Amino acid sequence: MTIRLPGPAGVLRTYESRTEPLAPTPGIPFTSRTVFSAAHVVADPYADVSPDSPAAVDWDATLAFRRHLWSHGLGVAEAMDTAQRGMGLDWAGAAELIRRSAAEAHGVGGRIACGVGTDQIAGGTPAEIRAAYEEQLAVVEEAGAQAILMASRALAAAARGPEDYLEIYGHLLRQAAEPVILHWLGPMFDPALEGYWGSPDLDAATGTFLEVIAAHPDKVDGIKVSLLDARREIDLRRRLPQGVRCYTGDDFDYPELIAGDEKGFSHALLGIFDPLGPLAAEAVRVLDTGDTDGFRALLDPTVDLSRHLFQAPTRFYKTGVVFLAWLAGHQSHFTMVGGLQSARSLPHFARAYELADGLGLFPDPKLAEERMKNLLSLYGVNQ
């Protein structure tokens, strides 16, 4: 099995594909860590839509992928950034996704947490932003899912300072029926979130974030930090109140952060665990036995792939995630809501294929190679 792949300089080279995949087996949830995969949505390839139309979702394939994640013991973080929230998936589509996925989770006994934001409004006053959050929180709680309070573009634009964050988040936490996960998404994932928590200075922003948590520790299950700064995350998790978890969202340093140290560790809520799901699950089960070295031996080699998929502009990592889902046979096509399949280059796809194949991520390596060759042929690369 060989394939000619283009490199960054446009030179074709021959790559010998792997013939045998890894074979992680489904299993029960983990005992030492709580782990969520932020899951992508599968577009309907036959829908007659334009990039700025409401998302057309293939619900059967989308829900089947969630069952795949649950079968390996992973939780699903639904309607998050990985699901193209705010990049093709609007609030109406997200609400439908939340309802369908939560019902599916209840049917199979899977764990699910869902994103609560303000993307039904483009902007507004603090009162209007609070009302938008409340509307979405009600949808998630009515669906029987755990809420993840996401960062709000509208709040980032309207807030006059830390006091607005303290007031709005305090109100939402008092109102929430069950403990929520607070999500701090950095501007590398969404430039509109620059200066979140009232300051572009991360130390000052961290202080406000911790003040919100300290005022309502019984209503915060945990925090999800996506700043791609391992040292900052470690410092932050050591300052959390007792009982409040840190869920790493660092797709560059997750093995180190999940493994932890003598002072603690991070749980996980990661977009990279969409394509890595079975392998990540196997690694965490090894960690459950107390074998940290075995855990790192399985997960450390995946970091090169993750750093490749999440390279700048980081917000386009979803394209690589869906691309790998197609190659792995989880969906029949490489089409994305909003036309986002065009957001990465052919050399980027070629390198993603090579790294994923080297890890044994494709259940059927021959199918993955055939699909990669089909994509290459569309770009004029003959084999």
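Just above sits the structure.
Let us look at the structure shown here. These numbers were taken from a predicted model, which means no experiment stands behind them.

## Here's the deal with the packing of aromatic side chains
So, step 1. The full count for this structure, using the stated rule, is 20 aromatic pairs.
So, step 2. Judged by centre distance (6.0 Å) and plane angle (80°), the ring pair of Tyr-15 and Tyr-353 falls under edge-to-face. A residue pair is termed long-range when its members are at least 10 positions apart, and Tyr-15 in strand β2 (residues 12-16) and Tyr-353 in helix α13 (residues 346-359) qualify at 338 residues. The residues Tyr-15 and Tyr-353 share a single accessibility class, namely buried.

## Examining the side chain of Asp-164
So, step 1. Inspection of the secondary structure puts Asp-164 in helix α5 (residues 162-175).
So, step 2. Looking at Asp-164, its side chain comes within polar contact range of the side chain of Arg-160, at 2.7 Å.

## Focus on the sheet that holds strand β7 (residues 180-185)
Within a sheet, each strand pairs with its neighbour through backbone hydrogen bonds, oriented either parallel or antiparallel.
So, step 1. Strands sit in the order β3-β4-β5-β6-β7-β8-β9-β10 around a closed barrel of eight strands; the barrel is parallel. Taken pair by pair, the neighbouring strands of this sheet meet at an average axis angle of 25°, ignoring direction.
So, step 2. Sheet topology places strand β4 (residues 75-78) next to strand β5 (residues 112-116); three bridges connect them, and they run parallel. Across the sheet, Val-76 pairs through a bridge with Ile-112, a residue of β5.
So, step 3. Of the strands in this sheet, β4 and β5 touch helix α2 (residues 91-108), which is tilted by about 165° from β5.

## Comments concerning the nonpolar core
So, step 1. Leu-182, Tyr-196, Phe-273, Phe-323 and Met-372 are the most contacted members of the largest nonpolar core, which has 119 residues in total.
So, step 2. For this core, the leading source of residues is α13, giving eight residues.
So, step 3. The residues contacting Phe-273, other than those within four sequence positions of it, are Val-35, Phe-36, Ser-37, Leu-69, Leu-74, Tyr-254, Ile-258, Ala-268, Ala-280 and Leu-299.
So, step 4. Core analysis: the second largest hydrophobic core is formed by 10 residues, Ala-113, Ile-148, Ile-181 and Leu-269 among them.

## Section: the packing of helix α3 (residues 126-142) against α5
So, step 1. At their nearest, the axes of α3 and α5 sit 11 Å apart, and the two run at 30° to each other. Between α3 and α5, the angle falls in the class roughly parallel. For α3 against α5, the interelement crossing comes out right-handed. Residues Pro-126, Ile-129, Arg-130, Tyr-133, Glu-134 and Leu-137 of α3 form the contact with α5, whose own contacting residues are Asp-164, Glu-167, Ile-168, Tyr-169, His-171, Leu-172 and Gln-175.
So, step 2. Of the residues assigned to the contact of α3 with α5, the class counts are seven nonpolar, two polar and four charged.

## Description of the environment of Leu-305
So, step 1. Mapped onto the fold, Leu-305 is located in helix α11 (residues 303-309).
So, step 2. Leu-305 sits 235 residues away from Trp-70 along the chain, and the two C-alpha atoms are 23 Å apart.

## Quick notes on the side chain of His-308
So, step 1. Relative to the assigned elements, His-308 resides in helix α11.
So, step 2. A relative accessible area of 12% places His-308 in the buried class.
So, step 3. When residues no more than four places from it in sequence are discounted, the contact partners of His-308 are His-348, Arg-351, Ala-352 and Leu-355.

## A closer look at the pattern of salt bridges
So, step 1. All chains considered together, the criterion is met by 21 salt bridges.
So, step 2. Measuring nitrogen to oxygen at the nearest pair gives 2.6 Å for the salt bridge that ties Arg-153 to Asp-190. Highlighted residues: Arg-153 in helix α4 (residues 153-158) and Asp-190 in the loop between β7 and α6 (202-215), separated in sequence by 37 residues.
So, step 3. By relative accessible area, Arg-153 is classed as partly exposed at 38%.

## Comments concerning helix α14 (residues 365-378)
So, step 1. Given a rise of 1.5 Å per residue, 14 residues ought to cover 20 Å, and the 20 Å separating the end C-alpha atoms of α14 matches this to within 8%.
So, step 2. All buried positions along α14 are accounted for by Pro-365, Ala-368, Glu-369, Arg-371, Met-372, Leu-375 and Leu-376. End-on, the buried residues of α14 take up no more than an arc of 165°, which puts them together on one face.
So, step 3. The inward-facing, buried residues of α14 abut β1 (2-6), α12 (317-327) and α13.
So, step 4. Of the residues flanking the end of α14, it is Gly-380, one or two places downstream, whose phi is positive at about 90°.

Scoring rules and cut-offs
Residues numbered from 1 in each chain as written. Predicted model: local features only at pLDDT ≥ 70, side-chain atom pairs only at ≥ 80, totals over all residues. Heavy atoms only, no water. Phe/Tyr/Trp six-rings, centres within 6.5 Å; stacked < 30°, edge-to-face > 60°. Helix = DSSP H or I, 4+ residues; strand = E, 2+ residues; numbered from the N terminus. Buried < 20%, exposed > 50% of the residue type's maximum accessible area, 1.4 Å probe, protein only. Polar contact = N/O pair within 3.5 Å; in protein donor to acceptor, adjacent residues only side chain to side chain. Pairing = 2+ DSSP bridges. Axes fitted to C-alpha atoms, helices over the stretch in contact; angles between N-to-C directions. Contact = heavy atoms within 4.5 Å. Core = buried A, V, L, I, M, F, W, Y, C linked by side-chain atoms within 4.5 Å. Parallel < 35°, antiparallel > 145°, perpendicular 65-115°, else oblique. Left-handed = near helix turned anticlockwise from the far one by under 90°. Nonpolar A, V, L, I, M, F, W, Y, C, P; charged D, E, K, R; others polar. Salt bridge = Lys/Arg side-chain N within 4 Å of Asp/Glu carboxyl O. Expected span 1.5 Å × (residues − 1). Arc of directions from axis to C-beta.

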